[in-house]
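So the chains spell out like this:
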Amino acid sequence: GATHTQLVVYFEAIPKPKRITNLDDLAPAIELFHHLTRAERYDEACDLFIARLHNSLYYQLGAYQTYSELLLALFPEGLAALPRLSRDGDTAWTLNSLANSFSLAGRPSEAVPLYELVNDIYENKMQNKKYLAIGLGNMAFTAQIKIGDLTAAANNLRRSISLCQEIEDTGNEGFEHAYYGSLLAVTGKWADADREFDTALE
């Protein structure tokens, strides 16, 4: 504990690189993240991950394996339990981000139960219909379609569209219509798919 606390102070003092071009540029932030989790300062580790690691690892470098391995440190009891975070929003974000990275790394079947936990938090704890709508769409398009669970995916996309309409979130509704159109096209329902794509463009 004391050693990790000292190393946190050490790595916090290292200046941030001006540009991120590879994993080596992220090494000090990754080390800081490791020592925060080992000192059981999970909320701070999550804040650091979001601020300094998420965009570079996920969007810029596509380092989904590293991304997943780091996030798993926020689950000291393993995936059978929730991450050890104090804020519901951080818990949902972490579960959703891990699910996304699993799916993009070719592990969509492992992503589905994580998405289900996310959507349960959005629906029952946070009661956030916008995030629930996005979460249902993520689960359907990013994981369920990939593993061939097309009925569940269709149900989740229709529910997502309905929620978007209820809260008048036209931006996200457009994405969900496009996802649903893709699903209908996969199943050979061309006319229905065209209608969904037209609605999405509108």
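Residues numbered from 1 in each chain as written. Predicted model: local features only at pLDDT ≥ 70, side-chain atom pairs only at ≥ 80, totals over all residues. Heavy atoms only, no water.

**Digging into the overall build of the chain**
- When you go through the chain residue by residue, the secondary structure sums to ten helices and zero strands.
- Traced from its N-terminal end to its C-terminal end, the chain shows the element sequence α-α-α-α-α-α-α-α-α-α.
- Expressed along its principal axes, the backbone C-alpha trace of the chain runs to roughly 60 × 35 × 30 Å.
- Taken across its 202 residues, the chain has 43% of its residues classed as buried.
- Intrachain contacts of the chain at a sequence separation of at least 6 include 52% that bridge at least 24 residues.
- In the chain, which carries 17 positive and 27 negative side-chain charges, the distance between the mean positions of the two groups comes to 4 Å. (Helix = DSSP H or I, 4+ residues; strand = E, 2+ residues; numbered from the N terminus. Buried < 20%, exposed > 50% of the residue type's maximum accessible area, 1.4 Å probe, protein only. Contact = heavy atoms within 4.5 Å. Lys, Arg positive; Asp, Glu negative; His and termini not counted. Charge placed at Lys NZ, Arg CZ, Asp CG, Glu CD.)

**As for the nonpolar core**
- Counting 41 residues, the largest nonpolar core has F33, F49, L53, L57, L70 and L74 as its most contacted members.
- Within the residue set of this core, elements represented by two or more residues are α2 (27-38), α3 (42-60), α4 (64-71), α5 (88-104), α6 (108-125), α7 (129-144) and α8 (150-166).
- Tallying contributions element by element places α3 first for this core, with eight residues.
- Apart from the residues lying within four places of it in its own chain, the contact partners of F49 are F33, H54, L57, Y67, L70, L71 and W93.
- Ranked by size, the runner-up nonpolar core spans ten residues in total, among them A140, L157, L184 and A193. (Core = buried A, V, L, I, M, F, W, Y, C linked by side-chain atoms within 4.5 Å.)

**A look at the packing of α3 against α4**
- Where α3 meets α4, the closest approach of the two axes is 9 Å, and the angle between their N-to-C directions is 155°. As the angle between them shows, α3 and α4 are arranged roughly antiparallel. Both α3 and α4 take part in a crossing whose hand is left-handed. On the side of α3, the interface is formed by F49, L53, H54, L57 and Y58, while α4 contributes Y64, T66, Y67, L70 and L71. (Axes fitted to C-alpha atoms, helices over the stretch in contact; angles between N-to-C directions. Parallel < 35°, antiparallel > 145°, perpendicular 65-115°, else oblique. Left-handed = near helix turned anticlockwise from the far one by under 90°.)

**Digging into the packing of aromatic side chains**
- Under the definition given, this model contains eight aromatic pairs.
- Arranged with centres 5.3 Å apart and planes meeting at 50°, the rings of Y58 and Y67 form a pair that is tilted. Judged on exposure class, the residue Y58 and its partner Y67 are both buried.
- Three or more aromatic residues link up through ring pairs in this structure, and these residues are F33, F49, Y58, Y59, Y64, Y67 and W93.
- Over the face of the ring belonging to F102 we find R107, whose NZ or CZ atom lies 4.0 Å from the ring centre. (Phe/Tyr/Trp six-rings, centres within 6.5 Å; stacked < 30°, edge-to-face > 60°. Lys NZ or Arg CZ within 6 Å of the ring centre and 35° of its normal.)

**Observations concerning the pattern of salt bridges**
- Under the definition given, this model contains nine salt bridges.
- Between R107 and E110 there is a salt bridge, with its nearest N and O atoms 2.9 Å apart.
- For R107, a relative accessible area of 25% puts it in the partly exposed group.
- Using a relative accessible area of 36% as the deciding quantity, one classes E110 as partly exposed. (Salt bridge = Lys/Arg side-chain N within 4 Å of Asp/Glu carboxyl O.)

**Examining the side chain of S56**
- Within the element layout of this structure, S56 appears in helix α3.
- For S56, a relative accessible area of 10% puts it in the buried group.
- Apart from the residues lying within four places of it in its own chain, the contact partners of S56 are I20, L26, L61 and G62.

**Details of the environment of D43**
- Structurally, the position occupied by D43 is in helix α3.
- C-alpha separation for the pair D43 and N138, spaced 95 residues apart in sequence, amounts to 25 Å.
- Discounting chain neighbours no more than four positions away, the residues touching D43 are L85, S86 and R87.

**Quick look at α8**
- The end-to-end C-alpha distance of α8 is 24 Å, a good match for the 24 Å that 17 residues give at a rise of 1.5 Å each.
- Each element contacted by the buried residues of α8 is listed here: α7, α9 (170-186) and α10 (190-201).
- One or two positions beyond α8, positive phi appears at E168, with a value near 60°. (Expected span 1.5 Å × (residues − 1).)

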